[in-house]
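# Residue-level structural notes
In case you want the letters, here they are:
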Amino acid sequence: MDSFQIRPANPGDVGSLHQMLLELATEVDRSESISSSPDDLLHHGFGKNRRFDTLVIESSHQLVGFCLFFLTFSSWRGETGVYIQDLYVAPHTRKENLGKRLLEAAALKAQDDGATHLRLSLHTENQKAAEFYQHVGLLPQQHERIFEIN
């Protein structure tokens, strides 16, 4: 049985992180949407003005998943929250409960930083992710929609 370890990402992980982002985008048929580079991840995730945290999960010194997240603030709640931007686990390890472990670890890290709630969004066609999130206790919200400008 493989041993999986969760740890904070480090600058040496950005190539693998970016590759997993590309795999995630391909899975949801959105590969054309990726315009980031490993350098972007390095600059924004590990630079002087870090904008996000990332936890990775590895087995035998190979990354098999990650959770990229950042703190937010809810003016309605008056509380800090955490937003999960990306969660990815390699297909060959998805029966190992790694997604749940990564979410729990991110939530604990955010809780240590003062977060009281967790939010995320997913692509509407990603039914497997929706089922997973509901299985681990996240509930879909019907009172909000996401709007964006590029």
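Residues numbered from 1 in each chain as written. Predicted model: local features only at pLDDT ≥ 70, side-chain atom pairs only at ≥ 80, totals over all residues. Heavy atoms only, no water.

### Quick notes on the side chain of D13
As for its placement among the helices and strands, D13 is situated in the loop between strand 1 (5-8) and helix 1 (14-27). Under the relative-accessibility criterion, D13 is labelled buried at 7%. In this structure, D13 is in contact with R7, P8, V56 and L63, ignoring residues within four places of it in sequence. (Helix = DSSP H or I, 4+ residues; strand = E, 2+ residues; numbered from the N terminus. Buried < 20%, exposed > 50% of the residue type's maximum accessible area, 1.4 Å probe, protein only. Contact = heavy atoms within 4.5 Å.)

### A look at empty space enclosed by the protein
All told, the structure shown has one cavity of 30 Å³ or more when counted by the stated rule. Taken as a whole, the largest cavity spans an internal volume of roughly 40 Å³. What lines the largest cavity is simply L17, L21, L41, F52, T54, F66 and L68. Elements with a minimum of two residues in the lining of the largest cavity: helix 1 and strand 3 (62-74). Residues that form the lining of the largest cavity fall into these classes: six nonpolar, one polar and no charged. (1 Å grid on protein atoms, 1.4 Å probe; cavity = no way out; pocket = protein on both sides within 12 Å on 5 of 7 lines; lining within 4 Å. Points joined across faces, edges and corners; volume = space filled by probe spheres on them. Nonpolar A, V, L, I, M, F, W, Y, C, P; charged D, E, K, R; others polar.)

### Notes on the pairing of strand 3
Note that strand 2 (residues 53-59) and strand 3 share seven bridges and pair antiparallel. Opposite T54, over in strand 3, you have L68 as the bridge partner. Hairpin connection of strand 2 to strand 3: two residues between the antiparallel strands, including S60 at a positive phi of 50°. The pairing of strand 3 with strand 4 (residues 79-89) spans 10 bridges and is antiparallel. Along strand 4, the bridge assignment pairs C67 with L87. The antiparallel pairing of strand 3 with strand 4 creates a hairpin that spans four residues between the two strands, and G78 there sits at a positive phi of about 70°. (Pairing = 2+ DSSP bridges.)

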